[in-house]
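In case you want the letters, here they are:
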Amino acid sequence: MSFGQVLSLMFTAILVENFIFSKFYGCCPFLGVSDKPDTALGMGMAVTFVMTVSGMVTWAVYEYLLEPFGLEYLKTVAFILVIAALVQFIEMFLRKFIPTLYSALGIYLPLITTNCAVLSSALLIVQNDYDLLGAAVFGFSAALGFTLAITVFAGVRARLRIANPPRAFKGFPLTLITAGLLAMAFSCFSGIKL
Amino acid sequence: MQWSEVFLPVGIFAALGLLFGVLLAIAARAFAVKVDERIPKVLDHLPGANCGGCGRSGCAAMAEAIVKGEASPNDCTVCSAEGMAAIGEIMGVEVKKPVPMRAHVMCAGDCDTAVHRFRYEGAIDCIAAEKLGGGEKGCKYGCLGLGSCVKVCKYHAIHIQNGIAVIDDNRCIGCGACASVCPKHIIYIIPVSSKYAVHCRSAEKGIDTRKQCLLGCISCRLCEKNCPEGAIKVENFVASIDQDKCTGCGKCAEKCPRKIIRPV
């Protein structure tokens, strides 16, 4: 994979095929933890961390375990198993060796176990036939796109809190409308091929 | 159909699961972090709601702070009395019994008794009215009755009755949200056991208070003189009751010429 390919893969994963705005993966944390920009950034960081590592590990599991035995049809089950164990392992590891990062990620790390964005990135890596570097780059950039989306959204929501919308729109309806508008803004990237 | 088609995947997944299980078990041992054994014990007695009311990220962080001595069990506003006592026992510290509180509006100047200087037709909000020359009531300390406290009360314990806020004691939990929003600062958080209260906070001289309100404390000091417990003090031209000393005998209410010391 050449440097140019890596760049184009990153651009595509972050903006053109943004996980939230063009694929609708990870909508739960996108709506749930986007109350404050700080927590949104924390969630984004945790997702980035897990998605990069899990992308590489699931790639290895698929390449060296599932494919040789012809078990490709079981990849979803295998990936869930791997991701769940991996998140647990990462949590223990961080707690012991990098306690500051552990407390910064806090409650978000275990929440990621059941995040569909992580699973879908693992599945997409396999579907698109990336190599190990491609898997790492794709996982990292897709998560970066997620972080970008959730942080921007949290910033907008922080401003909306002091706004005075019509009563019927207050709260969740307004959040969903805002999400739609943001998705429209991101749609300007759609169709760009590098 | 061959048996290997069934057993191979099952075997591989069982092996994978076993491998991860063993790895995690080893990791749990290898990466074990020593924590104070009191932390999980304290955590058991905290409410576990992770509400953040103590200013920490959750009950686990609070438990850690309590064990480290950075916080007192009393800092948790949700914890039950038994829970606090249990935590106190674990930590070997004395825990104060929380006194149940409730809010009370210290104003009796309703539409019939208070003098109105003008007719306010602005936004239905006490804070807005307060900014417009202190609101329509002649008394600077009177309840504006526009319901800013009603809006912030999550428990629907406040309603406006004849121009002043009235608090439903059955619903009030004493959270103090109304007291902090009231621009006149006339909502007080008092112990639930309180028997009497002075329904006026006017710091005007008696003669001026008389002009603004048919009720209102004129600082005659009759209550102060007649209180057998010395629980009433008149300061800044207004009486107030020290609820710790008050026994609820009711002599002050009897003597008050303005009838603003009332049972609460």
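The structure we're discussing is the one just above.
Residues numbered from 1 in each chain as written. Chains lettered and ligands numbered in written order. Predicted model: local features only at pLDDT ≥ 70, side-chain atom pairs only at ≥ 80, totals over all residues. Heavy atoms only, no water.

Let's shift gears to the overall build of chain B. Along the backbone of chain B there are 10 helices and 8 strands. Sequence-distant contacts, at least 24 apart, represent 56% of the contacts inside chain B between residues at least 6 apart. Looking at chain B as shown, the accessible area adds up to about 15,200 Å², and 56% of this sits on carbon and sulfur atoms. (Helix = DSSP H or I, 4+ residues; strand = E, 2+ residues; numbered from the N terminus. Contact = heavy atoms within 4.5 Å. Areas by Shrake-Rupley, 256 points an atom, 1.4 Å probe, with all protein chains shown as cover.)

Among all positions of helix 3 (residues 59-68) of chain B, only Cys59(B), Met62(B), Ala63(B), Ala65(B), Ile66(B) and Val67(B) are buried. Among the structural elements, helix 2 (38-45) and helix 4 (81-91) of chain B are those in contact with the buried residues of helix 3 of chain B. (Buried < 20%, exposed > 50% of the residue type's maximum accessible area, 1.4 Å probe, protein only.)

This paragraph deals with the environment of Arg117(B). Residues and elements named next belong to chain B. Positionally, Arg117 belongs in the loop between strand 1 (101-105) and helix 5 (126-131). Arg117 has contacts with Gly133, Gly134, Gly135, Glu136, Lys137 and Gly138, leaving out every residue within four places of it along the chain. At a separation of 2.7 Å, a polar atom in the side chain of Arg117 contacts the main-chain carbonyl oxygen of Gly133. Polar contacts involving the side chain of Arg117 include one to the main-chain carbonyl oxygen of Gly135, which spans 2.7 Å. (Polar contact = N/O pair within 3.5 Å; in protein donor to acceptor, adjacent residues only side chain to side chain.)

With that settled, the discussion passes to the pattern of salt bridges. Residue and element names in this part refer to chain B. Applying the stated criterion across every chain yields a total of 9 salt bridges over all chains. Among the salt bridges present, the one from Arg102 reaches Asp169, with a minimum N-O distance of 2.9 Å. Pair noted here: Arg102 is in strand 1 and Asp169 is in the loop between strand 3 (164-167) and helix 7 (177-181), with a separation of 67 residues, a long-range link. Take Arg102: its relative accessible area is 5%, and that puts it in the buried class. Between Lys151 and Asp125 there is a salt bridge, with the nearest N and O atoms lying 3.2 Å from each other. With a gap of 26 residues between them, Lys151 in helix 6 (residues 148-152) and Asp125 in the loop between strand 1 and helix 5 connect regions that are remote in the sequence. (Salt bridge = Lys/Arg side-chain N within 4 Å of Asp/Glu carboxyl O.)

A few words now on the packing of helix 1 (residues 3-16) of chain A against helix 8 (residues 132-160) of chain A. All names here are of chain A. Closest axis-to-axis distance for the helix 1/helix 8 pair is 7 Å, and the angle between their directions is 35 degrees. The way helix 1 lies across helix 8 gives a crossing that is right-handed. Each of Val6, Leu9, Met10, Ala13, Ile14 and Leu15 in helix 1 lies in contact with helix 8, whose residues at this interface are Leu133, Gly134, Val137, Phe138, Phe140, Ser141, Ala142, Leu144, Gly145 and Leu148. Split into classes, the residues belonging to the contact of helix 1 with helix 8 amount to 13 nonpolar, 3 polar and no charged. (Axes fitted to C-alpha atoms, helices over the stretch in contact; angles between N-to-C directions. Left-handed = near helix turned anticlockwise from the far one by under 90°. Nonpolar A, V, L, I, M, F, W, Y, C, P; charged D, E, K, R; others polar.)

Residues and elements named next belong to chain A. The interhelical angle for the contact between helix 7 (residues 116-127) and helix 8, taken along N-to-C directions, is 145 degrees, at an axis separation of 10 Å. Helix 7 and helix 8 meet at a crossing whose hand is right-handed. Listed contacts from helix 8 to Ser121, Leu124 and Ile125 of helix 7 are Ala135, Phe138 and Gly139. Of the residues contributing to the contact of helix 7 with helix 8, the split by class is 4 nonpolar, 2 polar and no charged.

Turning our attention to the packing of aromatic side chains. Tallying each qualifying case throughout the model produces 15 aromatic pairs over all chains. Aromatic pair Phe11(A) and Phe189(A): ring centres 6.4 Å apart, planes at 85 degrees, arrangement edge-to-face. Of this pair, Phe11(A) sits in helix 1 while Phe189(A) sits in the segment after helix 9 (172-186), placing them 178 residues apart in sequence. On the basis of relative accessible area, Phe11(A) is assigned to the partly exposed category, the value being 27%. An angle of 80 degrees between the planes, with centres 5.3 Å apart, marks the rings of Phe97(A) and Phe31(B) as edge-to-face. Highlighted residues: Phe97(A) in helix 4 (residues 75-97) and Phe31(B) in the loop between helix 1 (3-30) and helix 2, drawn from two different chains. Taking the relative accessible area as the measure of exposure, Phe97(A) reaches 48% and is therefore partly exposed. Overall, Phe31(B) belongs to the buried group, its relative accessible area being 15%. Put simply, the rings of Phe11(A), Phe21(A), Phe30(A), Phe153(A), Phe186(A) and Phe189(A) pair up and form one aromatic cluster. (Phe/Tyr/Trp six-rings, centres within 6.5 Å; stacked < 30°, edge-to-face > 60°.)

It is worth stressing that arrangement in space is one thing and function is another; only the former is reported here.
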